[in-house]
Amino acid sequence: MTFTQRSLSRFATLLAVLLLSSQVASAQGRERKSYRAERLEGTVRVDGNLDDPAWQKAPTFELAYETRPAENGPAPVRTEGWMKFDGNNLYVALRAHDPEPARIRARYSDRDAAFNDDFIGIVLDTFNDQRRAFEFFVNPVGVQMDLTQNEMTGNEDSSWDAIWESAGRITATGYEIEMRIPFSSLRFPATSDEMTWGLDVVRNYPRTQGYRLGLQPLSRGNNCYLCQSSALVGLQGARPARSIELDPTVTSSQSGFRGPGGAIETESPVTEAGLTAQWGITPNMTLNGTINPDFSQVEADAAELAVNTQFALFFPEKRPFFLEGADIFETRFNAIYSRNIADPEYGIKLTGKTGKNAFGAIVAVDRQTNLLIPSSQGSQLATVDDKNLSTILRYRRDLFGSTTGGVFYTGREGDGYHNRMLGGDILFRWRQTEAFRLELMGSTTQYPEAVAASTGQSRDQLTGHALRAVYQHTSRDWTYYVLYRDVAKGFRADLGFVPQVDFRDRGASLERAWYPEKRAWSQVRLGTDLLDVENQDGQHLQRRVNLYSWAQGPRQSFVRIDVTEGDQFYVDDTFNTDQVTLFGEVQALPDLYVSGQAIVGDQVDFANVRQGERLRFDPGVRWNAGRHLRLNFNHSYETLDVDGGRLFTANLTEVRATYQFNNRTFVRWIGQHLDLDRDPELYRAPIGARNRDFFNQLLFSYKINPLTVLFLGYSDTYAGNQSIDLAQQSRTLFLKVGYAWQV
């Protein structure tokens, strides 16, 4: 029996087992409830103390439902809230009752870093179109967390930051929260009529389990979250935007590098000024511009072990200029990836929504051209120190019901180089459980002569297409999908993240869920997925069948096991890739979280094109030592054994220690250490026996808001090998000052 026959047989067997236990689930509709925001009379002081006269009336709403782990059961604790507004701001007050205030989890942290605490907040669908929402959450000591919810991709993005006020305090009966959200930090229809916004209010109540309390019931058989929101009415006469925000920055740094003589040679200090500006043209349209922006990465990327890898690693966008309206540019194919605009001299961006039409445009002159050159079996990175003109255009329209379609274009034009990509996508949703998504793209590319010569690419113009189609069913007990992708050999998306081309794949998945009542384990799932990949010439690249199960349980625990049988074609042979993966995380103590992942099985030795056996272990610990100190430890250990012995042993360790003085100020140290031992006798090409690298960063941060900031930092790097211990290779001292000036 062939691999495909065995896989299909096992897939069909599990399908039959699951179907025997199936129950038909139907999504139940409900009448949408409305809550009225009242105009504020007088003033509110945002201090976390709900003694202002505005909050002495009956609450606007109460959170009546526990939506997780219970399925819309009664909330175990009481939560009440008030909403007011004036011409410029939305005011929110929230009182979270708690029978055991001593168990409230609340720590000082940087913004967007308190999601494991108690917290409470609101979700605002300001266009009431069930496509996009703004989320504002606050923990009991006032730490802010703001996100965007993109219903079209299912992504919840915490990289978006708004300017708003919040305060919180713990009381004898729980905790209280106040917010002031300027309308200028939101986007909504330009109208003088009374507006209706989609609304949800959410409380995170972490105890032996993580409880989610909500304003309205949520159906587990509905694939659209915002479609189930309540309505916020009464908003009229808001005077937002048409504001100008200027964000000048000054950055100064001094670096040193190890020279030929072996000593660190210090370079002259470099000081640069930059400016980013934002103009709220209308409440629903924003123009951003930047000149010589400072995109220094004060937040180091998480360490990733990149040994014996086949394709480039993905890192998220963190730069503020690209995060405004970033959800408009998202595609499930990653056709748009703004981090490829590496070092812009200047740029402009326009984003907005009018009626059913959403649009976005980015144009930037980039000093550097970074290239990700893909193929069917690997990817290469290349850099050209030439300028390019980068353009990203996006248009999206809300069609009937929850269906949305759009088009997008990306282009880079440089000296002897261009890449132009045009695409379109559409998402159909029906019956609250069914969805079909189609993405279709085409591109033309010509590489610079130097890049073509060094990477083996043709100097002739490349053309190609890419297609992605997915049908998905999501109900209370059942989830399944069917996937097809077809990416031509000549397709390129140089302003996207597409590390593999020249393939066609077909995939399917089936999953069954159980929700035990009054049991320690609140959710259990069993599923399987199947994947078959071949290149455009019909040569199979990968086949895989995966059986998995995961569960959520006591102490906020999560466990998952995957048993995978597969094979992979590489260069000129086919190799086994059978593996077992086990992952688990648990709250070992109230302030100590432990996680770990282990992978054991077959793996291709990509450097030497042969069969190998892999062992990987990734433990992690997060310790909240009181309200101010947080320690994170993550480690990756990996070995690969081949005929003749152990090819390599890799250890990657990352430690992050953060002391948060208050909500605005912290000092943080990051250390990342890589230790890689190889056996040169087992490699085809000459290679060193040992490599060691160490990255060290110390950062002081003071933030009044996301754009009014002071950063002072020091970083250095060390390197070593089998004959030289770790020696300093570079060091940098940097200072950044930014100020948000609104007029």
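Position numbers for residues count from 1 along each chain, tracking the sequence in the order it is written. Since the coordinates come from a predicted model, pLDDT governs what is reported: local features require at least 70, and pairs of side-chain atoms require 80 or more to be given and counted, while whole-chain, interface and lining totals use all residues. Note: side-chain values were computed over all heavy atoms of the structure, leaving out hydrogens and water.

Student: I tried to follow empty space enclosed by the protein on my own but got confused; where do I start?
Tutor: Buriedness of a pocket was judged along seven lines, with at least five required to meet protein on both sides within 12 Å; pockets are open sets of points on a 1 Å grid over the protein atoms alone, cavities are sets where a 1.4 Å probe fits but cannot get out, and lining residues have an atom within 4 Å of a point. Grid points are joined across faces, edges and corners, and a volume is the space filled by probe spheres set on the points. Taken as a whole and assessed by the stated rule, the structure comprises six cavities of 30 Å³ or more. Lining the second largest cavity are 15 residues, and of these Met-152, Arg-394, Asp-425, Leu-427 and Arg-437 sit closest to its centre. Here a strand is any run of E in DSSP of at least two residues, a helix any run of H or I of at least four, and the numbering for each starts at the N terminus. When contributions to the lining of the second largest cavity are tallied by element, the ones reaching two or more residues are strand E25 (388–398), strand E26 (404–414), strand E27 (417–430) and strand E28 (434–446). Under the scheme applied here, ten amino acids are nonpolar (Ala, Val, Leu, Ile, Met, Phe, Trp, Tyr, Cys and Pro), four are charged (Asp, Glu, Lys and Arg), and all others, including Gly, are polar. For the lining of the second largest cavity, a count of residues per class yields three nonpolar, five polar and seven charged.

Student: Explain the side chain of Arg-212 to me, please; I cannot follow it from the model alone.
Tutor: Looking at the secondary structure, you find Arg-212 in strand E15 (residues 210–214). Side chain to side chain, Arg-212 and Asp-200 meet in a polar contact 3.0 Å long. Dropping the residues within four chain positions of it, Arg-212 is found in contact with Tyr-65, Glu-66, Thr-67, Arg-68, Asp-200, Val-202, Arg-203, Leu-218 and Tyr-225. Any pair of N or O atoms that falls within 3.5 Å is considered a polar contact. Within protein, one atom must be able to donate a hydrogen and the other to accept it, and sequence-neighbouring residues count only if both atoms are side-chain atoms. Should any heavy atoms of two residues lie within 4.5 Å, those residues are considered in contact.

Student: Is there a simple way to explain the packing of aromatic side chains in this structure?
Tutor: How two aromatic rings sit relative to each other is set out by the distance from centre to centre and by the angle between their planes. Two rings from Phe, Tyr or Trp (for Trp, the six-membered ring) form a pair when their centres are within 6.5 Å of each other. A pair whose planes differ by under 30 degrees is stacked, one over 60 is edge-to-face, and the rest are tilted. If you walk through the whole model with that rule in mind, you get 21 aromatic pairs. Grouping aromatic residues by their ring pairs yields a cluster made of Phe-134, Phe-136, Trp-160 and Trp-164. Seen from the ring of Tyr-515, Arg-220 lies directly overhead, with NZ or CZ sitting 4.2 Å from the centre. As a reminder, the over-ring test applies to NZ of lysine and CZ of arginine, requiring each to be within 6 Å of the ring centre and within 35 degrees of the ring normal. The ring of Tyr-548 carries the charged tip of Arg-560 above its face, separated from the ring centre by 4.3 Å.

Student: Please clarify how the pattern of salt bridges should be interpreted in this entry.
Tutor: Opposite charge on two side chains permits them to pair, given that their charged atoms come into close proximity. Every case where a carboxyl oxygen of Asp or Glu lies within 4 Å of a side-chain nitrogen of Lys or Arg is listed as a salt bridge. On inspection of all chains with the given rule, the structure shows 46 salt bridges. Linking Asp-343 and Arg-367 is a salt bridge whose minimum nitrogen-to-oxygen distance equals 3.1 Å. Within this pair, whereas Asp-343 is found in the loop between helix H2 (320–323) and strand E21 (344–354), its partner Arg-367 is found in the loop between strand E22 (357–366) and strand E23 (369–374), the two being separated by 24 residues in sequence. Of the charged contacts, one joins Arg-543 and Asp-532 as a salt bridge, the two residues approaching to 3.1 Å between their closest N and O atoms. With a gap of eleven residues between them, Arg-543 in strand E33 (residues 540–553) and Asp-532 in strand E32 (residues 523–534) connect regions that are remote in the sequence.

Student: Is there a simple way to explain the pairing of strand E7 (residues 89–97) in this structure?
Tutor: Within a regular strand, the side chains alternate between the two sheet faces. Remark: exposure states derive from per-residue accessible area (1.4 Å probe, protein chains only) relative to the maximum for the residue type, with buried under 20%, exposed over 50%, and partly exposed in between. When you tally the buried positions in E7, you get eight out of nine residues, the bulk of the element. Pairing between strand E6 (residues 79–85) and E7: seven bridges, direction antiparallel. Of the residues in E7, the one forming a bridge with Phe-85 is Leu-90. Hairpin geometry of E6 and E7 is characterised by an intervening segment of three residues between the two adjacent antiparallel strands. By the bridge criterion, nine bridges tie E7 to strand E13 (residues 174–182) in an arrangement that is antiparallel. Bridging from a neighbouring strand, Arg-95 pairs with Glu-176 of E13. Note: two strands are recorded as paired if DSSP finds a minimum of 2 bridges between them.

Student: Would you explain unusual backbone geometry in this entry?
Tutor: Both trends apply: most residues other than glycine have a negative phi, and most peptide bonds are in trans. Cis peptide bonds are those with omega within 30 degrees of zero, and the linkage from Arg-68 to Pro-69 qualifies with 5°. Checked against the element boundaries, Pro-69 lands in the loop between strand E4 (65–68) and strand E5 (73–74). Even without being a glycine, Gln-432 presents a positive backbone phi close to 65°. The class for Gln-432 is partly exposed, based on a relative accessible area of 32%. Even without glycine at this site, Arg-555 takes up a positive phi of about 55°. Inspection of the secondary structure assignment puts Arg-555 in the loop between E33 and strand E34 (557–570).

Student: Teacher, can you tell me more about the state of the cysteines here?
Tutor: By definition, a disulfide links two cysteine residues through a covalent bond between their sulfur atoms. What counts as a disulfide here is a pair of cysteine sulfur atoms lying within 2.5 Å. Within this structure, the stated rule accounts for one disulfide. Here Cys-224 is linked by a disulfide to Cys-227, with a sulfur-sulfur distance of 2.0 Å. Its S-S torsion of about 75° marks the bond between Cys-224 and Cys-227 as right-handed, since a negative value means left-handed. Overall, Cys-227 belongs to the partly exposed group, its relative accessible area being 26%.

Student: Sorry, what's going on with the nonpolar core here?
Tutor: As a rule of thumb, soluble globular proteins bury nonpolar side chains together. Buried Ala, Val, Leu, Ile, Met, Phe, Trp, Tyr and Cys residues form a nonpolar core when they are joined through side-chain atoms within 4.5 Å. Grouped together as the largest cluster of nonpolar side chains are 49 residues, with contacts concentrated most on Leu-90, Phe-136 and Trp-197. Those elements giving two or more residues to this core turn out to be E6, E7, strand E8 (119–125), strand E9 (132–138), strand E10 (144–150), E13, strand E14 (195–206) and strand E16 (230–235). The next biggest cluster of nonpolar side chains, apart from the first, holds 25 residues, and it includes Phe-321, Phe-408, Val-487 and Phe-491.

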